[in-house]
Amino acid sequence: MVARDVLKTGAYYALGAATRLRAVIDREPELSGAFPTLELAKASLPPEEKSGYDSDDMVEVALDNMLKMLSWDYPVVFWLDRLIRQEGHLSLLDAGGHIGTKHHAFGPYLDLTKVDWTVWDLPALLRAGRKAQADGIVSDRINYVEAPADAGPVDVLLASGLMQYIEVSFQGLIDRLAEPPRFAILNKVATRENDDLVTLQLTGKKRVPYQMRHRGRFEAEIRNAGYEIRDFWTIPCLSHRINTHPWLGFSDSYGYVLERTA
Ligand SMILES: C[S@@+](CC[C@H](N)C(=O)[O-])C[C@H]1O[C@@H](n2cnc3c(N)ncnc32)[C@H](O)[C@@H]1O
């Protein structure tokens, strides 16, 4: 190789490295900002990002993954299977159920003929869910409702990946149902040891407020709402540090099985 070629190759390497570095620098962080309340986090967003999950462009974001059985879904399936065997038949409200993603993912693992499965989500997701059902992408056994109470009394509330986004407390969510369900399964609840914190999560092309709840207060709220924690698990791979505020430490992601005591 002549000296000129060596120089040329070196220049290409340098250019490649610079381009990769630029891509890293330019990439928006997955989690940015730290706010004490959801209202302040929302207020920080420009108008085009305020719709959060409730827009058509959010439907496809991470959809392929959500339709699959993921590692953190196994405890949920374990408990649903137990409850189906114990009760014989279940009615279930899948709150924040997207287009019916978890019904689709759990299908091969559970006898879903024994579950009346209702999905409640935001209007854009319900529209997409009904279309996916018409197109045969999700089961025609799923029922979609505009409001949690429209599902009528249910045995199980499933909230998989909802508590990070929904604007109400656990009690507030229960209050929206027709009746307090006997069981609740919450998964992927983002918690912190010391404080409540809201950050912004880059989801697709926009940022949506992502709540990390003070774990002690959240669990006290569960008990005050008349539920005991029958089981819980942690999801280490969903523990997050806010990219722009690393000194605030990591969140812990939890799953819970709750049974009504009162
Ligand atoms: C991360 S996805 C979880 C989807 C699915 N349950 C799963 O575990 O894969 C969060 C879901 O919560 C829904 N969601 C967010 N805010 C909500 C709200 N205020 N009311 C109802 N659903 C909401 C979103 O539309 C989205 O479908």
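What this report covers is the structure whose coordinates are included nearby. (Residues numbered from 1 in each chain as written. Predicted model: local features only at pLDDT ≥ 70, side-chain atom pairs only at ≥ 80, totals over all residues.)

The number of helices and strands found in the protein is eight helices and 10 strands. Dimensions of the protein along its principal axes, counting C-alpha atoms only, are 80 × 45 × 35 Å. Each of the 262 residues in the protein was classed as buried or not, and the buried ones make up 34%. Sequence separation of 24 or more characterises 76% of the internal contacts of the protein that already satisfy a separation of 6 or more. (Helix = DSSP H or I, 4+ residues; strand = E, 2+ residues; numbered from the N terminus. Buried ≥ 20, exposed ≤ 12 C-beta atoms within 10 Å, placed from the backbone. Contact = placed C-beta atoms within 7 Å.)

A few words on the nonpolar core. Judged by nonpolar contacts, the single largest core of 55 residues is most densely connected at Leu93, Val156, Leu157 and Ile185. Ranked by residue count, the leading element in this core is strand β6 (residues 183–192), at six residues. Setting aside anything within four residues of it in sequence, one finds Leu93 in contact with Thr118, Trp120, Pro148, Ala151, Val154, Leu157, Leu158 and Leu177. (Core = buried A, V, L, I, M, F, W, Y, C linked by C-beta atoms within 7 Å.)

This part takes up the pairing of β6. Judged by how many residues are buried, β6 sits mostly within the fold: eight of 10 residues are covered. Sheet topology places strand β5 (residues 156–160) next to β6; five bridges connect them, and they run parallel. Its bridge partner being in β6, Leu158 is matched across the sheet by Ile185. Handedness of the crossover joining β5 and β6 through helix α7 (residues 170–176): right-handed. Alignment of β6 against strand β10 (residues 252–260), held across seven bridges, turns out to be antiparallel. Within β10, the residue paired with Phe183 across the bridge is Glu259. By the bridge criterion, two bridges tie β6 to strand β8 (residues 206–214) in an arrangement that is parallel. (Pairing = 2+ DSSP bridges. Right-handed = clockwise from strand over helix to strand, strands pointing away.)

Glancing now at helix α4 (residues 74–87). For the α-helix, the turn length of 3.6 residues means that residues three or four positions removed from each other point alike. Taking 1.5 Å of rise per residue, the 14 residues of α4 would be expected to cover 20 Å, and the 20 Å separating its terminal C-alpha atoms lies within 8% of that figure. Within the sequence span of α4, burial applies to Val76, Trp79, Leu80, Leu83 and Ile84. An end-on view of α4 places all buried positions within 140° of arc, on one side of the element. What points out from α4, more than 90 degrees from its buried face, is the exposed set Arg82, Arg85 and Gln86. Where α4 terminates, the next one or two residues include Gly88, which has phi positive at roughly 85°. (Expected span 1.5 Å × (residues − 1). Arc of directions from axis to C-beta.)

Another aspect to go through is the environment of Asp54. Tracing the chain through its elements places Asp54 in the loop between α2 (38–43) and α3 (63–66). For Asp54, a count of 14 C-beta atoms within 10 Å translates into the label partly exposed. Taking the C-alpha atoms as reference, Asp54 lies 17 Å from Asp94; in sequence the two are 40 residues apart. Sequence-distant contacts of Asp54, that is, excluding residues within four places in its chain, are made with Leu122, Pro123 and Ala124.

Before going further, it helps to examine the environment of Thr234. Within the secondary structure, Thr234 sits in strand β9 (residues 227–234). Judged by local crowding, Thr234 falls into the partly exposed class, with 13 C-beta atoms found within 10 Å. Sequence spacing of Thr234 and Lys188 is 46 residues, and the spatial spacing of their C-alpha atoms is 8.4 Å. Residues contacting Thr234, with those up to four places away along its chain left out, are Asp252, Ser253 and Tyr254.

Before going further, it helps to spend a moment on unusual backbone geometry. Even without glycine at this site, His98 takes up a positive phi of about 60°. By C-beta crowding, His98 is classed as buried, having 28 other C-beta atoms within 10 Å. Positive phi, close to 60°, is recorded for Lys188, a residue that is not glycine.

Honestly, it's all geometry; don't read function into it.
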